[in-house]
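# Observations on chain architecture
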Amino acid sequence: MISVVIICTYFVFKLKKLLSFYSTKSTAIAAIINAIMIKVFRTIYQYAAEKLNDIENYKTSQTKEDALTFKYILFEFMNNYSSLFYIAFFKQHREGCVL
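Only a predicted model underlies this, so the values are computations on that prediction, with no experimental measurement involved.

## Section: the overall build of the protein
Helix and strand counts for the protein come out as 3 helices and 0 strands. In the protein, which comprises 99 residues, the share counted as buried stands at 24%. Considering only contacts in the protein between residues 6 or more positions apart, those separated by 24 or more positions represent 55%.

And the structure:
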């Protein structure tokens, strides 16, 4: 699941680079697509976290709630900050200049 977010983030930045040849508003378009992507993946991850949590066998309801909270936090962190990780660690090697 997390790799899907990373791959989609990569393609958003590739689309921005492609659009920069044709439009001066490529940064705004990429930002809007990225915001939509975050909203869509948030819904998908909440559903997936609940389904994964239902499949697992917990002894108490407290451990079940703790595991669900951990999954929510992990998925939200990767979803919200994947663009920043891409810019910080991968963009320089893939596209050259960081800015």
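## Let's talk about the pattern of salt bridges
A pair can form between side chains of opposite charge whenever their charged atoms are brought close. Under the counting rule described, the total for this entry stands at 3 salt bridges. Across the salt bridge formed by Arg 42 and Glu 76, the nearest N and O atoms sit 3.2 Å from each other. One end of the pair, Arg 42, is in helix H2 (residues 26-55); the other, Glu 76, is in helix H3 (residues 61-95), and 34 residues separate them in sequence. With a closest N to O distance of 3.7 Å, Lys 64 and Asp 54 form a salt bridge. Linking Lys 64 in helix H3 with Asp 54 in helix H2, this pair joins segments that are 10 residues apart in sequence.

## Structural notes on the confidence of the model for the protein
Per-residue confidence for the protein gives a mean pLDDT of 80; residues scoring 70 or more make up 83%. Averaged pLDDT values over the elements of the protein bottom out at 72 in helix H1 (residues 2-20) and peak at 84 in H2.

## Description of the nonpolar core
Of all hydrophobic cores here, the largest spans 7 residues; its members are Val 12, Ala 30, Met 37, Phe 41, Tyr 45, Ala 49 and Phe 75. Looking at this core, the element that brings in the most residues is H2, giving 5 residues.

## Side note on the packing of aromatic side chains
Each aromatic ring pair is summarised here by two numbers: the centre-to-centre distance and the angle between the ring planes. Using the criterion set out here, one finds 3 aromatic pairs in the structure. With centroids separated by 4.7 Å and ring planes inclined at 20°, the aromatic side chains of Tyr 45 and Phe 75 adopt a geometry described as stacked. Placement of Tyr 45 in helix H2 and of Phe 75 in helix H3 is noted, with a sequence separation of 30 residues between them. Across this residue pair, the class does not change: Tyr 45 and Phe 75 are buried. Grouped by ring-pair contacts, the aromatic residues Phe 41, Tyr 45 and Phe 75 constitute a single cluster.

Parameters at a glance
Residues numbered from 1 in each chain as written. Predicted model: local features only at pLDDT ≥ 70, side-chain atom pairs only at ≥ 80, totals over all residues. Heavy atoms only, no water. Helix = DSSP H or I, 4+ residues; strand = E, 2+ residues; numbered from the N terminus. Buried < 20%, exposed > 50% of the residue type's maximum accessible area, 1.4 Å probe, protein only. Contact = heavy atoms within 4.5 Å. Salt bridge = Lys/Arg side-chain N within 4 Å of Asp/Glu carboxyl O. pLDDT = per-residue confidence, 0-100. Core = buried A, V, L, I, M, F, W, Y, C linked by side-chain atoms within 4.5 Å. Phe/Tyr/Trp six-rings, centres within 6.5 Å; stacked < 30°, edge-to-face > 60°.

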